[in-house]
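# Structural features, examined
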Amino acid sequence: MSESAIITTNNLNLWYNGKHALESVSMKVPKNRVTALIGPSGCGKSTLLRCFNRLNDLIDHVKIAGEITLDDENIHAPSIDVVTLRKKVGMVFQKPNPFPKTIYDNIAYGPRVHGVRDTCELDRIVEQSLRHAALWDEVKDRLNDSALGLSGGQQQRLCIARTLAVEPEVILMDEPCSALDPIATAKIENLIEMLKADYTVIIVTHNMQQAARVSDYTGFMYLGKLIECGKTKQIFEHPAEELTENYITGRFG
Amino acid sequence: MDFTGKTNGVTPRSGNTARLFVLKERSVKSVFFFTAAFAVIVVSFILLFLFRDASPIFADVGIANFLFGPVWAPTAAEPLYGIWPLIVGTLLVTLGAMIFSVPLSLGCAIYISELASPKVRAVLKPAVELLAGIPSVVYGFFGLIVLTNFIRVSFDIPSGETWLAASVLLGIMALPTIISVSEDAISSVPHEYKEGSLAIGATRWQTISQVLVPAALSGIAAAIILGIGRVVGETMAVLMVAGNAAIIPDPIWNLLSPLRTLTATLGIEMGEVPVGSEHYSALFGIAVVLLIITLIINLSAVAILHWLKERRTTTAGKQPFLAPETRRKVVFIAEMLALAVLLVFLTSVSWWLAPVILMACCLWLAGRPYLSEKRIQTLAFCLVGLATIIVLAILFIILSDIVVHGLPALSWDFLTQPPRDLGREGGIFPAIIGTLYLIAGAIAIALPLGVGAAVYLVEYTREGKITKVIRTGVDLLNGTPSIVFGLFGFAFIVLYLNLGVSLLAGQITLALMVLPTVIRTTEESLKNIPQSLREGSLALGATKWQTISQVVIPPAVPGIVTGAILSIGRAAGETAPIMFTAVVFSSRFLPDSVFDPVMALPYHLFILATNVPGSSMNKYGTALVLLLLVIGFYAVAILVRTHFQNKARG
């Protein structure tokens, strides 16, 4: 990969309850591109994704060895504050998880916890984030309604808007469309395309067509190992490894 | 199933046996229906008898005069029956207890659910449950001996039996309820909310204070209301430490004034009142008022929960209650008012407390913008940890005081001899046996009725009008203060059924009191049995009753047993329900039949502590034995539960 990398992992290993869940993963994630992680269930792609914002810290009995850097800084270094890291590395989850608050408060939550108090400023951020997430027109008249009243697709775009509101550098997406219908999925995919101008997106998906459609780079994982990583076109058309080819052509999965 | 046939043991049922089966099913169902309806019958009997005996006073004095009359002097030459001071006393004690209890409980609940490591949590949760297991008369005993003395010395006043003592003691008693229920509520907030908030870069404290606690608000509100219910209905502990002067504190915020609650009045006067007199009727009037107050508390709990749920899932078109700006102002004003009230209260205790708190507030308001979120988190975690330590310290102080002073009294003679010299000398053998008799009888009555009712509610009906009525009945029964059971037992079982003050009357009264617990816990464990098991059995052609008795109930047994043991523990520690129905203070002999009165440990301790000076050693000994007995039951229940939980997890 010739482009400048924003995240690199070097020989990353992770054990969960003694089980070796990630084995010697070394990869580079290029800046302002969409990188997809594909692979069969349980291959460690979500685990890898959750390493990038250290969300695995929440789980007991997880041991990590190896190095992950963001902007050339080791994210496990003692000088790195995990809260600051997560501000830089946003995340959208598999199941939409809006807070049980109003639509407005869901978006404003992030800026507020990072110290924005001014109401005008918050209004501006909320509108901008919702516009950016292509949700503004649908919700602008009911910002004070509960976010739980939105449809699944709207909720997921709300979660994306919520992430955008804290202006991260990287957005992690953990199978963001798996709980959505095809129309909502198409909207999210368009959104991802637009996001890459300003953000770096890493998306985990079990849907190979989706990976082919939205990503510039693709990494294929199998049993905790990163088998192959490169330009999406190359991975899908001329994979270097036989394992990758077998998976992509649907011989297992 | 009928396995006597030939081919493979299974034959189609002939017409006759089929009819027999239907008949059996029907009769089983009606038995269960009766047990379920029993709760409703009991509630209506309680209401009926309380109103029957209370009506003369309402007629003679008038409801308004009764409720708002400023003087309670039932034994004066010209008796006055105004319960206003008692109502105010109840409200003030409750208010004080909540101010003491809510911050500590929330801190402790947050610590247990969010900060403690799994190992620490495994210790803390049972510890809090133990706090719940201590009988109220033991709390009262501790309050009378230790707490009131402490207050008397620290504030240099003639008697420590004050509003402050009552509020602190009742606050302690409300701790376990509020902690466990709100801890449950916080723990059951979906994990996704927490991850979502942390992924945005919120600190743990921001996540807790702005996402988890608001999401758990309905559960926390329920916890606080349950705590209020516990405090309002408490009799023995408050009676022993509140001083019981039927006055309104002067000035109203004077925490060091004695006062008297509705429940304490019943506890004190019910034993000495001539049956059928005006005074007797007035006491039943108080019981009615008490019942209505607890009813209002329970109903408001239901309403608040409903409202919060509604608000959270509301879909569209609803304007928020107030515009955000105004709401912020209203909240601010409310906070300032609450602070002002608190400060005024504290001036009555000590002149320097108010300025110190005021200064801390100013410091916080001024310093807030300069503190990083990290610092605020550290500060908040310190406070939360402090709250937990205080709760544990309270538990430790109570237990160690009673164990240290009680152990020297324990001896073989103490456990096997009858009391002498009004309990100053000798042992407590008849009291131990009496308590065992009482709880054995109570559980023998409550268990079949309670399990039957739960089976009917879960297995035989769909949610509808009938279940709603029954459930409301169970809820009402659950919220009824134990002293009201005592009065009902006296009016209905002792007098109306003419059983006299007897073991049987006490057993029935206790059984009615623990019935809701048995129903609830059984219901819970039945609901936990997966529907697929029932369907699997029914699909094999088993009848409903066969399915219930052979497939549903066996795996639910651990839950039912846990509930039963908890009920036994509760029954063993209760004083108020048996005070007028079953017990005598000093008896050298064991009861010959269920129609004789008995001694009981809680009542024995109560009389020793309040009426027999110079029995220090035996008081502590009795308290220790009672404590060990009750906590023993609770510990067994907790063990049974964790054992089967672990087993279920595999």
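These figures come from a predicted structure and were not determined experimentally. (Residues numbered from 1 in each chain as written. Chains lettered and ligands numbered in written order. Predicted model: local features only at pLDDT ≥ 70, side-chain atom pairs only at ≥ 80, totals over all residues. Heavy atoms only, no water.)

## Brief notes about the sheet that holds strand S6 (residues 89-92) of chain A
Residue and element names in this part refer to chain A.
- Spatially, six strands are ordered S6-S7-S8-S3-S9-S10 in an open sheet, and the strand pairing comes out mixed. In this open sheet, the two edge strands, each paired with only one partner strand, are S6 and strand S10 (225-231). Ignoring which end each strand starts from, the neighbouring axes of this sheet average 15 degrees apart.
- Strands in contact with helix H6 (residues 152-164) are S6 and strand S7 (170-174); relative to S6, the strand with the most contacts, it is inclined by about 170 degrees. (Pairing = 2+ DSSP bridges. Helix = DSSP H or I, 4+ residues; strand = E, 2+ residues; numbered from the N terminus. Axes fitted to C-alpha atoms, helices over the stretch in contact; angles between N-to-C directions. Contact = heavy atoms within 4.5 Å.)

## Thoughts on the pairing of S7(A)
All names here are of chain A.
- The buried count for S7 comes to five of five residues, which makes it a mostly enclosed element.
- Residues Val-170, Leu-172 and Asp-174 line one face of S7 and the alternating positions Ile-171 and Met-173 line the opposite face, and both faces are buried.
- Sheet analysis places S6 next to S7, joined by four bridges and oriented parallel. For Val-89, the partnering residue across the bridge sits in S7 and is Val-170.
- Strand direction decides the pairing type here: S7 and strand S8 (residues 200-204), joined by five bridges, are parallel. Looking across to S8, one finds that Met-173 is bridged to Ile-203. (Buried < 20%, exposed > 50% of the residue type's maximum accessible area, 1.4 Å probe, protein only.)

## Looking at helix H19 (residues 482-496) of chain B
Residues and elements named next belong to chain B.
- Taking 1.5 Å as the rise per residue, H19 with 15 residues should run 21 Å; its terminal C-alpha atoms sit 20 Å apart, in good agreement.
- Along H19, the sharpest kink reaches roughly 35 degrees, centred on Gly-489.
- Within two residues after H19, Asn-498 carries a phi angle of roughly 60 degrees, on the positive side. (Expected span 1.5 Å × (residues − 1). Bend = angle between axes of the 7 residues up to and from the residue.)

## Comments concerning the packing of helix H17 (residues 429-460) of chain B against helix H20 (residues 503-527) of chain B
Residue and element names in this part refer to chain B.
- Taken N-terminus to C-terminus, the directions of H17 and H20 make an angle of 35 degrees; their axes are 6 Å apart at the nearest point. Regarding H17 and H20, the two cross each other, and that crossing is right-handed.
- Across the contact of H17 with H20, the residue classes break down as 22 nonpolar, five polar and three charged. (Left-handed = near helix turned anticlockwise from the far one by under 90°. Nonpolar A, V, L, I, M, F, W, Y, C, P; charged D, E, K, R; others polar.)

## Some thoughts on unusual backbone geometry
All names here are of chain B.
- Of note, the amide linkage connecting Asp-250 to Pro-251 takes the cis form, showing an omega dihedral of -10 degrees.
- Located in the positive-phi region is Asn-244, a residue other than glycine, with phi close to 60 degrees.
- Within the secondary structure, Asn-244 is located in the loop between helix H10 (236-241) and helix H11 (262-269).
- Although it is not a glycine, Asn-498 sits at a positive phi angle of roughly 60 degrees.
- Judged by relative accessible area, which is 64%, Asn-498 ranks as exposed.

## Here we look at the environment of A:Leu172
- For A:Leu172, the location among the structural elements is in strand S7.
- Between the alpha carbons of A:Leu172 and A:Leu37 there is a distance of 11 Å; along the sequence they are 135 residues apart.

## Here's the deal with the side chain of B:Ser502
Residue and element names in this part refer to chain B.
- Structurally, Ser-502 can be placed in the loop between H19 and H20.
- A distance of 3.3 Å separates a polar atom in the side chain of Ser-502 from the backbone oxygen of Leu-499.
- Those residues in contact with Ser-502 that lie beyond four places of it in its chain are Thr-581, Ala-582, Val-594, Phe-595, Asp-596 and Pro-597. (Polar contact = N/O pair within 3.5 Å; in protein donor to acceptor, adjacent residues only side chain to side chain.)

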